[in-house]
Amino acid sequence: MSVYLDHAATTPMFDVAIDAMNTSLRKLGNPSSLHTEGRSTRKDVEDAREKIAHALGCLASEVIFTGSGTEADNAAIKGLFWHSEKKVILVSSIEHHAVLDPAHWLVEHEGAQLLEIPVTTDGVIDLDYVKKVVADRGSEIALISVMHSNNETGVIQPIADLVKIAGDIPVHCDAVQSFTKVPLSFKDLGLFAMTISAHKVGGPLGIGALILRRAVEIPALLHGGGQERDIRSGTLNAPSIVAFAAAVEAKLYDAKKVAALRDAFETGVLAARPDAVINGRGADRLPGISNITFPGTQSDSLLLLMDSQKVSCSTGAACTAGVHRPSHVLMAMGLTDVLSQSSLRFSFGTTNTQADVEYALSVLPDVIARGLAANLVGKK
Amino acid sequence: MKIIAAMSGGVDSAVAAARAVEAGHEVIGVHLALSSNPQKYRSGARGCCTIEDSHDARRAADVIGIPFYIWDMADEFHENVVENFMSEYKAGRTPNPCLRCNEKIKFAAVLDRAKAMGFDGVVTGHYARTEESTDGRTLHRAVDPLKDQSYVLAVLNREQINGAIFPLGDTEKVDIRIEAEARGLAVAQKPDSHDICFVPSGDNAGWLRDRMGSEVGPIVDQDGNKLGEHKGAYTYTIGQRKGLGLTVPTADGSPRFVLSIEPVSNTVVVGAREDLAVTSMRGERPIFCGPAVGAAPLRGFVQVRAHGAALDCTYYVDNDQLVAELDAPLLGLATGQAMVIYDGDRVVGSATICETA
């Protein structure tokens, strides 16, 4: 059997989303065209926009479709920075590269100053640090960006508290992992901007959205036909947008079931390997993500061995050359370079079963034993 | 068997992996990332180690239909190969980093890791053959004399040879390209790699100068008379004639050659062609690919360069060093190079040349 435990990377499309996409793919009409076909496709897009807005607790006009979560993060970070006269960007040290890299780019090219919010050993941002920075330098801060939950550990961040501390400083939140998994309301959180992505929620690859407060007009990354409030030009990807909304509307994610599978897996892992450490276990986490350190191993060896046993999981970060790199997230939580490279992420989804958990647990002891042996001879 | 195919992104390792699959092995492709800061694209004489090469390896694995991973060996490579390359030059010797890489990386770090992970061996695209004999598995020259790579594999010990599979040794390179084409491998016509992979420009002297500086020192004749100055002794090699920049001519107008490099005094010694002649050599750290050699003299061949001639010699072990006495003198032999002993086409063993006479 083969077991897919990498749902945080991407998760299967729901059938309702595939059906909606197929129907839309057969339809003719550019949503920006004024004729019958165009209006019909436009209607599909606007219906989808309203469904997503409804699920997120925002206005339909606040939903700006993008080509990916990464694009939405870039648009938010760069856009909010350029929108402001201020120069300081405050982000957490555990952000996804889609947030960290544009922030670093602004430092290198646009004179920004970057401050990183440290996290606890459980991977939760330090609100006292935020309070202090806001008190000392609040008038200089252009934007704050903290993810709703971390993609490597699943640890949920105190966004509502953060927004309160921020006062009128714009806050962006990358909610790619949290959307549909845990309660999420753009309005209730009081955010300026938020990022979501379709392929993490049962929709297709290549479609995301920036949720941007109505009154905020940020500079565009893509200029052209003026679609999406003139913030994101480009012909609207109607089939993907329709499928995205269908996946969201279906509400098929079973958080209780997924959490039970994840918990059963973690219990089994600790029984087999008492020296294993579950990262972020003391914090509030997403239902489906389990990040585990196996001391004395190299995660790229473990991944190969798990893969050859038909269990798919993740090592976290890799550079452009495909080489496994120490995770900045785990290192921010205080793990050493070596331990952070001894960690695997297992992420569960609605399609997983108890049998999947049992199979993965059955191959794990041998994989870890071989991984330990390989690390002794092959590395350092 | 379950084996790891080391895939550089070139045509040879791709065909080797494909042949291993066809031979019935369970094969997993692995590309070794040997630079911690790889270039995006191939350029100059460099033939591997770029992101483009890793992509080529991945696509070859896709075509062959095997899993593919990248193993980070950059630290090991730097420590064992690149740093050794520099320290050898610093010591006035001329190292061969490809041998070093085979000895320390491909058939040590990779093979050991593979075995610990439950694999039986490593398959590579080297042109060499192995044979099973009553003495165990032995290493032999490839049938294609122009591509034969047994020289750079002569650093493998018996255990390493037992864990190595070289499927290309029985085929000529031209046929490997035809086979790659027939198998639909996009790398079929990819140019061969040349020179040293971590010196992209192919300019070893320039590469060394950038990293080790260029300390000016004297160029002297055998009597110690100063004839000129050099910019870094390590950028010269024994037997070198060109680029010495000497203005004092010899009495009879005959050319001068580099005879020796003395790292401590940073001196390059030059002299006449006949002074380059070497009739015997000693090598340290002997490694035997098959049965070990003893003190009793044996007849065979010695080769001192990757594609150099096989020279008739008598060889034996003395004081833990491998000794080869040549039938006919050889001109220009640098210490640090590998001496590889052959018995016919069988590789007997190798050692690093530490003394010539």
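What counts, and where the lines are drawn
- Here, residues in each chain are numbered from 1, in the same order as that chain's written sequence.
- All chains are assigned letters beginning at A, and all ligands numbers beginning at 1, according to the order in which they are written.
- The predicted origin of the model limits local features to residues at a pLDDT of at least 70 and limits the giving and counting of side-chain atom pairs to 80 or more, whereas totals for whole chains, interfaces and linings rest on all residues.
- As a rule here, side-chain values cover all heavy atoms of the structure and leave hydrogens and water aside.
- Here a helix means four or more residues in a row that DSSP labels H or I, a strand means two or more in a row labelled E, and each is numbered from the N terminus.
- The quantity called the radius of gyration is restricted to C-alpha atoms. Its globule counterpart is 2.2 Å times the number of residues to the power 0.38.
- Type-normalised accessible area, obtained with a 1.4 Å probe on protein chains alone, sets the label of each residue: buried when under 20%, exposed when over 50%, and partly exposed for intermediate values.
- Only heavy atoms enter the contact rule, under which two residues are in contact if any of them lie within 4.5 Å.
- Under the convention used here, a 1.4 Å probe and the Shrake-Rupley method define accessible areas, while residue burial counts only the protein chains that appear.
- Summed over both partners, the accessible area (1.4 Å probe) lost when two parts come together is defined as the buried area.
- Any Lys or Arg side-chain nitrogen found within 4 Å of a carboxyl oxygen on Asp or Glu counts as a salt bridge.
- Side-chain classes follow a simple rule in which Ala, Val, Leu, Ile, Met, Phe, Trp, Tyr, Cys and Pro form the nonpolar group, Asp, Glu, Lys and Arg form the charged group, and the remainder, Gly included, forms the polar group.
- Where a domain begins and ends is set by an automatic assignment or by a domain database.
- Here a polar contact is recorded for every N or O atom pair within 3.5 Å, except that within protein the pair must consist of a potential hydrogen donor and a potential acceptor, and residues adjacent in sequence are included only if both atoms are side-chain atoms.
- Cavities and pockets were defined on a 1 Å grid built over protein atoms only: a cavity is a set of grid points that admits a 1.4 Å probe from which the probe cannot escape, a pocket is an open set flanked by protein on both sides within 12 Å along at least five of seven lines, and lining residues are those with an atom within 4 Å of any such point.
- Grid points are joined across faces, edges and corners, and a volume is the space filled by probe spheres set on the points.
- Any pair of Phe, Tyr and Trp rings, taking the six-membered ring for Trp, is counted once the centres come within 6.5 Å. Such a pair is stacked with planes under 30 degrees apart, edge-to-face with planes over 60 apart, and tilted for the rest.
- Two strands pair under a simple rule: DSSP has to find at least two bridges between them.
- Each patch groups residues whose relative accessible area exceeds 30% and which form no salt bridge, using 9 Å between like charges and 5 Å between nonpolar side chains of Val, Leu, Ile, Met, Phe, Trp and Tyr.
- Where helices are involved, their axes are fitted lines through C-alpha atoms of the stretch in contact, as for all axes, and angles between N-to-C directions lie from 0 to 180°.
- Roughly parallel means an angle under 35 degrees; roughly antiparallel means over 145; roughly perpendicular covers 65 to 115; every other angle is labelled oblique.
- Should the near helix be turned anticlockwise from the far one by less than a right angle, the crossing is left-handed, and should it be turned clockwise, the crossing is right-handed.

1. A word on the overall build of chain B
- Helices and strands together make up the secondary structure of chain B, namely eight helices and 17 strands.
- Relative to the compact-globule value of 21 Å for 357 residues, chain B shows a C-alpha radius of gyration of 21 Å, a close match.
- Expressed along its principal axes, the backbone C-alpha trace of chain B runs to roughly 65 × 50 × 35 Å.
- Classification of the 357 residues of chain B by burial places 56% in the buried group.
- Across chain B, the fraction of contacts at a sequence separation of at least 24, relative to all contacts at a separation of at least 6, is 63%.
- For chain B, the computed accessible surface area is about 15,300 Å², with 48% contributed by carbon and sulfur atoms.

2. Examining the interface of chain B and chain A
- Contacts between the two partners involve 19 residues from chain B and, on the opposite side, 20 residues from chain A.
- Both sides together, the interface formed by chain B and chain A hides about 1,700 Å², and carbon and sulfur atoms give 57% of it.
- Between the two partners, chain B and chain A, sit two salt bridges.
- A salt bridge links B:Arg113 to A:Asp300; the shortest N-O distance between them is 3.0 Å.
- For the side of chain B that touches chain A, the class distribution of residues is eleven nonpolar, three polar and five charged.

3. Brief notes about the domain arrangement of chain A
Residues and elements named next belong to chain A.
- Once the domains are mapped, chain A shows domain 1 (15-250) and domain 2 (254-379).
- Averaged C-alpha coordinates put domain 1 and domain 2 at centres separated by 28 Å.
- Of the residues lining the interface, 23 residues belong to domain 1; the matching set on domain 2 comes to 19 residues.
- Across the interface of domain 1 and domain 2, roughly 1,700 Å² is buried in total on both sides, 60% from carbon and sulfur atoms.
- Sorting the residues of domain 1 by area buried against domain 2 places Asp122, Glu152 and Thr153 first, and these three jointly supply 38% of that buried surface.
- In this structure, the connection of domain 1 to domain 2 is made through zero salt bridges.
- Our enumeration of links across domain 1 and domain 2 arrives at seven residue pairs in polar contact (both at pLDDT 80 or more).
- In terms of residue class, the side of domain 1 that touches domain 2 is built from seven nonpolar, twelve polar and four charged.

4. Considerations on the pattern of salt bridges
All names here are of chain B.
- This model, assessed by the stated rule, comprises 41 salt bridges over all chains.
- Measuring nitrogen to oxygen at the nearest pair gives 2.9 Å for the salt bridge that ties Arg93 to Glu88.
- Classification of Arg93 as partly exposed rests on a relative accessible area of 26%.
- Of the residues examined, Glu88 reaches a relative accessible area of 13% and is grouped as buried.
- In this structure, Lys173 and Asp192 form a salt bridge, with 2.7 Å as the shortest nitrogen-oxygen distance.

5. Overview of the environment of A:Phe348
Residue and element names in this part refer to chain A.
- Among the structural elements, Phe348 can be located in the loop between strand 12 (343-347) and helix 13 (354-378).
- It is 14 Å that separates the C-alpha atoms of Phe348 and Thr180, two residues lying 168 residues apart in sequence.
- Setting aside residues up to four positions removed in sequence, Phe348 forms contacts with Leu5, His7, Tyr253, Val258, Leu261, Arg262, Phe265, Gly288 and Val357.

6. Observations concerning the layout of surface pockets
Residues and elements named next belong to chain A.
- Estimated volume of the second largest pocket: approximately 570 Å³.
- Taken together, 31 residues line the second largest pocket, and the ones lying closest to its centre are Ala8, His96, Asn151, Gln177 and Lys200.
- Elements with a contribution of two residues or more to the lining of the second largest pocket: helix 3 (69-83) and helix 4 (97-110).
- Element by element, the count of residues in the lining of the second largest pocket is highest for helix 3, at three residues.
- Classifying every residue of the lining of the second largest pocket gives nine nonpolar, 16 polar and six charged.
- Summarising the domain contributions, the lining of the second largest pocket has at least three residues from each of domain 1 (15-250) and domain 2 (254-379).

7. What about the packing of aromatic side chains?
Residues and elements named next belong to chain B.
- Applying the stated criterion to the full structure yields nine aromatic pairs over all chains.
- On the numbers, 5.2 Å between centres and 85 degrees between planes, the contact of Phe85 with Phe198 is edge-to-face. Pair noted here: Phe85 is in helix 3 (residues 74-90) and Phe198 is in the loop between helix 7 (173-182) and helix 8 (204-212), with a separation of 113 residues, a long-range link.
- Arranged with centres 5.9 Å apart and planes meeting at 70 degrees, the rings of Phe107 and Phe166 form a pair that is edge-to-face.

8. A closer look at unusual backbone geometry
All names here are of chain A.
- With a phi angle near 50 degrees, Lys251 is a residue other than glycine that sits in the positive phi range.
- Among the secondary structure elements, Lys251 is positioned in the loop between helix 8 (238-250) and helix 9 (255-272).
- Overall, Lys251 belongs to the exposed group, its relative accessible area being 69%.

9. Looking at the side chain of A:Ser347
All names here are of chain A.
- In this fold, Ser347 is placed in strand 12.
- Judged by its relative accessible area of 1%, Ser347 falls in the buried class.
- A polar side-chain atom of Ser347 sits 2.9 Å from the main-chain amide nitrogen of His7.
- Ignoring anything within four residues of it in the chain, the contact list for Ser347 reads Tyr4, Leu5, Asp6, His7, Ala8, Gly288, Ile289 and Asn352.

10. Looking at the pairing of strand 11 (residues 267-271) of chain B
Residues and elements named next belong to chain B.
- Extensive coverage of strand 11 is indicated by the burial of five of its five residues.
- Judged from the two bridges that link them, strand 8 (residues 216-220) and strand 11 form a sheet pairing that is parallel. Across the sheet, Ile219 pairs through a bridge with Val268, a residue of strand 11.
- Sheet topology places strand 10 (residues 257-262) next to strand 11; five bridges connect them, and they run antiparallel. Paired with Ile261 across the strands is Val268, a residue of strand 11.

11. Observations regarding a nonpolar patch on the surface
All names here are of chain A.
- Among the surface-exposed residues, Trp82, Trp105, Leu221 and Leu222 lie close enough to one another that they form a single nonpolar patch of about 320 Å² accessible area.
- Inspection of the secondary structure assignment puts Trp82 in helix 3.
- Trp82 sits in the partly exposed class, given a relative accessible area of 33%.

12. Focus on the sheet that holds strand 2 (residues 26-33) of chain B
All names here are of chain B.
- Read from one edge to the other, the open sheet built from five strands follows the order 3-2-1-4-7, with strand pairing classed as parallel. Both edges of this open sheet fall to strand 3 (68-72) and strand 7 (164-165), since each of them pairs with a single strand only.
- Strand direction decides the pairing type here: strand 1 (residues 2-6) and strand 2, joined by five bridges, are parallel. Note on strand 2: the bridge partner recorded for Ala5 is Gly29.
- Taken strand by strand, helix 2 (residues 51-64) contacts strand 2 and strand 3, and its axis lies near 150 degrees from that of strand 3.

13. Examining the packing of helix 5 (residues 127-137) of chain A against helix 6 (residues 159-166) of chain A
Residue and element names in this part refer to chain A.
- For the pair helix 5 and helix 6, the least separation of the axes is 10 Å and the interaxial angle reads 15 degrees. The angle between the axes of helix 5 and helix 6 places the two elements in the roughly parallel class. Between helix 5 and helix 6 lies a crossing whose hand is right-handed. Across the interface between the two elements, Leu127, Val130, Lys131 and Val134 of helix 5 pack against Asp161, Leu162 and Ile165 of helix 6.
- Classifying every residue of the contact of helix 5 with helix 6 by side-chain character gives five nonpolar, no polar and two charged.

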